[in-house]
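Structural overview for review
Each chain, written out:
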Amino acid sequence: MSLNVAIVGLGNIGNTHARVYDEHPDCTIVAVCDAIEDKAREAGERYKCRAFTSVAEMVGAGLKIDAASVATAGEENGGHHYEPTVALLEAGIPVLGEKPISNKIDEAEKMVALARSKGLRYGINLNHRFTPAALRLKEWIDSGRLGPLNIVNMTMWINNPNESAPYFHMRALHPHSLDVLRYFCGDVAKVQAFFKKGEGRQIWSNVQVNLLFTSGVIGHLTGSYDAGPGYGLETLEIVGSKARAVLRDACEELEFYPRRSPEVERYTCIGGMQKFPETFKSRITRWIEQNLEGAKPEAIDASGEDGLKVQRIIEAAIKSWETDTVVTL
């Protein structure tokens, strides 16, 4: 079986999606779409497929499209996802969207509801959890190796000088960090957040978020757009009653610290994955696999529903800061 795919939005991330599809033996790119005609045309030539400047034109062309990636951007990197996603879902085409699912909760809710009503697969490119190291850590947790979980801490930061909107940092970056936290610890019940503008900044470029999970786990997120490349991208720490585990930079290092033994375990580049950019391939490949397998929509890894849930946490954090309260989800 071969999967006929289309890509909407041909910037850097859209072309990253396209390269994964193009290199996959069971995929054929049949269409690309970008509102900028030159981008669409160049991508069409690059991937040897038809090029379009609107989704309406693309879905009306009579092509067989089995799945599509929506890699548009917009305000806070999510403002342009809604219209192409809805058009594709209305046409009966499963969608893998970029994060954030949307920077507007009402739009995210409508997209998730539409996919559900049509029985379509809908995923989000929450790629940070799609690593062999994350899978190993998940196995440790599920098998009880860490014991019942007590505490989780996450740091995610990059250097991003953009000043596009007051909460750009929170809405655009932290779908990733909060998805990782939910992946390991489940749903969030309560949120408390504090924001700070970095030196010379007009936006809230730094954040500290306290989290209470429905499981009872207590957690914390540190985030910044004012970080240096030497800081590392992210660090996840999970502490249970039997052991502590640390996952560094999504895939590079995984450490296991037993509570009652000095014998520390350290793993580097599990599964051969060495650097964060490789996570795009692992996530999109999983999307391809699930479509080829005919997975049920509710079984999709990093689903639209997951994307919506992390955006609700983000909006709760913003509300917490603006109202000086602990927000219950």
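Along each chain, the written sequence defines residue order, and numbers are assigned to residues from 1. Only residues with pLDDT of at least 70 get local features here, since the model is predicted, and only at 80 or more are side-chain atom pairs given and counted; chain-wide, interface and lining totals rely on the full set of residues. No hydrogens and no water enter the side-chain calculation; it runs on all heavy atoms of the structure.

- In the annotation of an unreviewed UniProt entry, the entry for the chain reads Oxidoreductase, and the organism field reads Devosia geojensis.

Thoughts on the packing of helix α1 (residues 12-23) against helix α8 (residues 278-292)
- In contact at an axis separation of 10 Å, α1 and α8 are set at 60 degrees when each is read in the N-to-C sense. For the element pair α1 / α8, the angle class is oblique. The handedness of the crossing between α1 and α8 is right-handed. Contacts between α1 and α8 involve Ile13, Thr16, His17, Val20 and Tyr21 on the former and, on the latter, Phe280, Lys281, Ile284, Thr285, Trp287 and Ile288. Every angle, taken between N-to-C directions, lies between 0 and 180 degrees, and every axis is a line fitted to C-alpha atoms, over only the stretch in contact when it is a helix. Numbered from the N terminus, helices here are DSSP runs of H or I no shorter than four residues, and strands are runs of E no shorter than two. Note on terminology: angles under 35 degrees are roughly parallel, angles over 145 are roughly antiparallel, angles of 65 to 115 are roughly perpendicular, and the others are oblique. For any pair of crossing helices, the crossing counts as left-handed if the nearer helix is rotated counterclockwise from the farther one by less than a right angle, and right-handed if it is rotated clockwise. The criterion used for residue contact is that any of the two residues' heavy atoms lie within 4.5 Å.

A closer look at helix α2 (residues 37-47)
- Regarding α2, the residues found buried are Ala40, Ala43, Gly44 and Tyr47. Summarising the axial view, the buried residues of α2 lie within an arc of 105 degrees, below the 170-degree limit, and thus occupy one face.
- Looking at the buried positions of α2, the neighbouring elements they touch are α1, β2 (27-33) and β3 (50-52).
- Following α2 by one or two positions, Lys48 adopts a phi angle in the positive range, close to 55 degrees. Think of it in three bands: with a 1.4 Å probe and only protein chains considered, a residue is buried below 20% of the maximum accessible area for its type, exposed above 50%, and partly exposed in between. Throughout, the arc means that of the directions going from the helix axis to the C-beta atoms.

As for the pairing of strand β1 (residues 3-8)
- Where burial is concerned, most of β1 is hidden: six out of the six residues are buried.
- Here β1 shows no split at all, with Leu3, Val5 and Ile7 on one side and Asn4, Ala6 and Val8 on the other all buried.
- Relative to β2, β1 is paired through six bridges, and the arrangement is parallel. Following the sheet pairing, Val8 is matched in β2 by Cys33.
- For a crossover, the right-handed case is the one in which the path from the first strand over the helix to the second runs clockwise, viewed with the strands pointing away from the viewer. Once you follow β1 into α1 and on to β2, the crossover reads as right-handed. Being paired, for any two strands, means DSSP has found at least two bridges between them.

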